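Here is how the chains run, residue by residue.
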Amino acid sequence: MGYIIDDLKLKDYSLPETDSPELDRVSNSEVDLEKENEEPTEDLIASTEIGRDYPNFNYMEELIKTRGFINNEGWEKTININSRILHRGDKKVICECLIDKENKRFERMSFPSNIFSHLDKSIKNPYVMLSISSKPGSTRIDVLKGDGLVDIEAFKLKDKWEKLEGDNFNQPHDKPIEL
Amino acid sequence: MREVMAPFVPMAQDVKLENENNINCKCTLVFSTFNIYASWDRLIIRYDGVLEGLSDNNSIVQEPFFNLFGKIKETRGFGKVINCLCATIFVNHMKGAKKEELVGGFVEKHLKMDHISRLVDKPSDTCIVLERNTEGRQVTISYGPYLGIEDIQKRSGLPKNPEVLDHLDIFGEMIEVKIFETDSSPEFRTYKRFLDETINFKNLIWDI
């Protein structure tokens, strides 16, 4: 399942509420705030080819209708990140991401929760592959199930290292070392 | 092979299987900007686009290509890795360039016109090939005028990017760099080294 942010100029339509306030804030940056309280005029309705029935307008449905266009998006850069879900909230999901596979460096990142809604919630801390594509003005995040894809050993190694963290190594010896 | 490749299928836009149940069986994973080809004796990633960024962490070369490579090596019956090859084609479009003037201009800049005209008067195409063989390693650099999409077709077929076809009639210069090494354990850092070397060659040639 993917979530697409595009540089469409959105006017103040009656968009359905989503669970992703952060991304809404990003897309709403394109909204013409001066005209926020205006009713859509006849010209505005006629000028767009998608979504005229505003009370029942479903943005995602309309977007899927244009799938042929989406397939030729021309993404400039794609990165695929091995990740593990740490926490699932109503609005955000926090993932532990393997940002440097060679040096085993991890970073925590948060994403809107709705892009993870297709995953089985009964599995605790599932592994996922985050495929992030980008080009000027747009980005796309695909969340793929990690079975057979994600390097689970790298995460297990990290867990083992974290267990070693503690004060014991820093305690001074209270008796001579026996050789 | 199918069990190994199956988890990567959801990442791809399409999967093609040719000559199934045959020694020549080839599986192709089609992505938006690249393809991965797997057969019994090789694994290939073919990409067209901007090269900068491919050596970054989690790039498409590291994930999924080298991830898939690692999983293939773990399969029962896998023998050993023998060598690896990095082949890159650069095309520099020159606005306003004319086909007839390109070849003559290239010969004048890089070769001795007197010698060439004694052999072939007004050649319609030309190319310089440099090769260096050392133990376990071969580097081949070819560069010359780019006279149209046929120059790319001759080498590796049409590019995936449909925008490139728009440049059919725009001419310029072309460089092909091939770096071949006998290496039993190529990794992502091996590719990074190849890419740095390749880009270095390109910069040196086009700074001449």
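Residues numbered from 1 in each chain as written. Chains lettered and ligands numbered in written order. Predicted model: local features only at pLDDT ≥ 70, side-chain atom pairs only at ≥ 80, totals over all residues. Heavy atoms only, no water.

Let us now look at the overall build of chain A. Summing up its helical and strand segments, chain A has five helices and six strands in all. Reading chain A from its N terminus to its C terminus gives the helix and strand order β-α-α-α-α-β-β-β-β-β-α. The buried share of chain A, taken over its 179 residues, is 35%. Sequence-distant contacts in chain A: of pairs separated by 6 or more residues, those separated by 24 or more amount to 52%. Of the roughly 12,400 Å² of accessible surface on chain A, a fraction of 50% belongs to carbon and sulfur atoms. (Helix = DSSP H or I, 4+ residues; strand = E, 2+ residues; numbered from the N terminus. Buried < 20%, exposed > 50% of the residue type's maximum accessible area, 1.4 Å probe, protein only. Contact = heavy atoms within 4.5 Å. Areas by Shrake-Rupley, 256 points an atom, 1.4 Å probe, with all protein chains shown as cover.)

With that settled, the discussion passes to the confidence of the model for chain A. All names here are of chain A. Scored by pLDDT, chain A comes out at a mean of 69, with 51% of its residues at no less than 70. Low pLDDT, under 50, characterises residues 40-53; the stretch is placed with 12 contacts to residues that sit more than four places away or in other chains. Counting interchain partners and residues more than four positions distant, the pLDDT-below-50 stretch residues 62-70 has six contacts. (pLDDT = per-residue confidence, 0-100.)

Leu 29, Ile 36, Leu 43, Leu 68 and Tyr 191 of chain B are the most contacted members of the largest nonpolar core, which has 42 residues in total. Mapped onto this core, the elements with two or more residues apiece are α1 (2-5), β2 (26-30), β3 (34-39), α2 (61-73), β5 (83-93), β7 (137-146), β8 (172-182) and α7 (188-206) of chain B. Apart from residues no more than four positions distant in its own chain, Leu 43 of chain B is found in contact with Ile 36, Tyr 37, Ala 38, Phe 65, Leu 68, Phe 69 and Ile 72 of chain B. One finds Phe 111, Leu 119, Leu 130 and Ile 141 of chain A within the second-largest nonpolar core, a separate group that totals 15 residues. (Core = buried A, V, L, I, M, F, W, Y, C linked by side-chain atoms within 4.5 Å.)

Residues and elements named next belong to chain B. The four strands lie next to each other as β1-β2-β3-β4, forming an open sheet whose pairing is antiparallel. Looking at strand neighbours, the two that pair on one side only are β1 (14-18) and β4 (42-47), the edges of this open sheet. The mean inter-strand angle of the sheet, taken between neighbouring strand axes irrespective of direction, is 15°. Bridge analysis of β1 against β2 gives five bridges, and the strand direction is antiparallel. Bridging from a neighbouring strand, Lys 16 pairs with Thr 28 of β2. (Pairing = 2+ DSSP bridges. Axes fitted to C-alpha atoms, helices over the stretch in contact; angles between N-to-C directions.)

What follows is about the pairing of strand β2 (residues 77-88) of chain A. Residue and element names in this part refer to chain A. Of the pairings in the sheet, the one linking β2 to strand β5 (residues 127-135) comprises eight bridges and is antiparallel in character. Across the sheet, Ile 79 pairs through a bridge with Ile 132, a residue of β5. Pairing geometry for β2 and strand β3 (residues 92-100), over six bridges, is antiparallel. Paired with Arg 84 across the strands is Glu 96, a residue of β3. The antiparallel hairpin formed by β2 and β3 contains three residues in its connecting segment.

Residues and elements named next belong to chain B. Across the sheet, which stays open at both edges, the four strands sit in the order β5-β8-β7-β6 with antiparallel pairing between neighbours. Two strands lie at the open edges of the sheet, namely β5 and β6 (128-134), each paired on one side alone. Neighbour-to-neighbour, the strand axes of this sheet turn through a mean angle of 10°, independent of strand direction. Against the sheet, helix α3 (residues 99-110) contacts β6, β7 and β8, and its axis sits at roughly 130° relative to β7. Sheet strands touched by α7: β5, β7 and β8. Its angle to β8, the strand with the most contacts, is close to 145°.

Using the criterion set out here, one finds nine aromatic pairs over all chains in the structure. Ring geometry for Phe 111 of chain A versus Phe 116 of chain A: centroids 6.2 Å apart, planes at 55°, classification tilted. Neither Phe 111 of chain A nor Phe 116 of chain A differs from the other in exposure class; each is buried. Arranged with centres 5.9 Å apart and planes meeting at 85°, the rings of Phe 66 of chain B and Phe 69 of chain B form a pair that is edge-to-face. With Phe 66 of chain B and Phe 69 of chain B both in helix α2 and three residues apart, this pair spans about one turn of that helix. Here Phe 66 of chain B matches Phe 69 of chain B in class, with each residue buried. Within the aromatic cluster, the residues linked to one another by ring pairs are Phe 65, Phe 66, Phe 69 and Phe 188 of chain B. For the cation-ring pair, Lys 158 of chain A lies above Phe 106 of chain A, with the distance from its terminal atom to the ring centre recorded as 5.5 Å. (Phe/Tyr/Trp six-rings, centres within 6.5 Å; stacked < 30°, edge-to-face > 60°. Lys NZ or Arg CZ within 6 Å of the ring centre and 35° of its normal.)

Frequently, the measure chosen for interface size is the accessible area that the parts lose on association. Listed as interface residues are 20 residues of chain B and, on the opposing side, 19 residues of chain A. Both sides together, the interface formed by chain B and chain A hides about 1,600 Å², and carbon and sulfur atoms give 44% of it. The salt bridge partner of Asp 56 of chain B is Lys 77 of chain A, with a shortest N-O separation of 3.1 Å. Counting across the chain B and chain A interface gives 10 residue pairs in polar contact (both at pLDDT 80 or more). The leading source of residues in the side of chain B that touches chain A is α2 of chain B, at five residues. Residue classes in the side of chain B that touches chain A are distributed as eight nonpolar, seven polar and five charged. (Buried area = accessible area lost by both parts, 1.4 Å probe. Salt bridge = Lys/Arg side-chain N within 4 Å of Asp/Glu carboxyl O. Polar contact = N/O pair within 3.5 Å; in protein donor to acceptor, adjacent residues only side chain to side chain. Nonpolar A, V, L, I, M, F, W, Y, C, P; charged D, E, K, R; others polar.)

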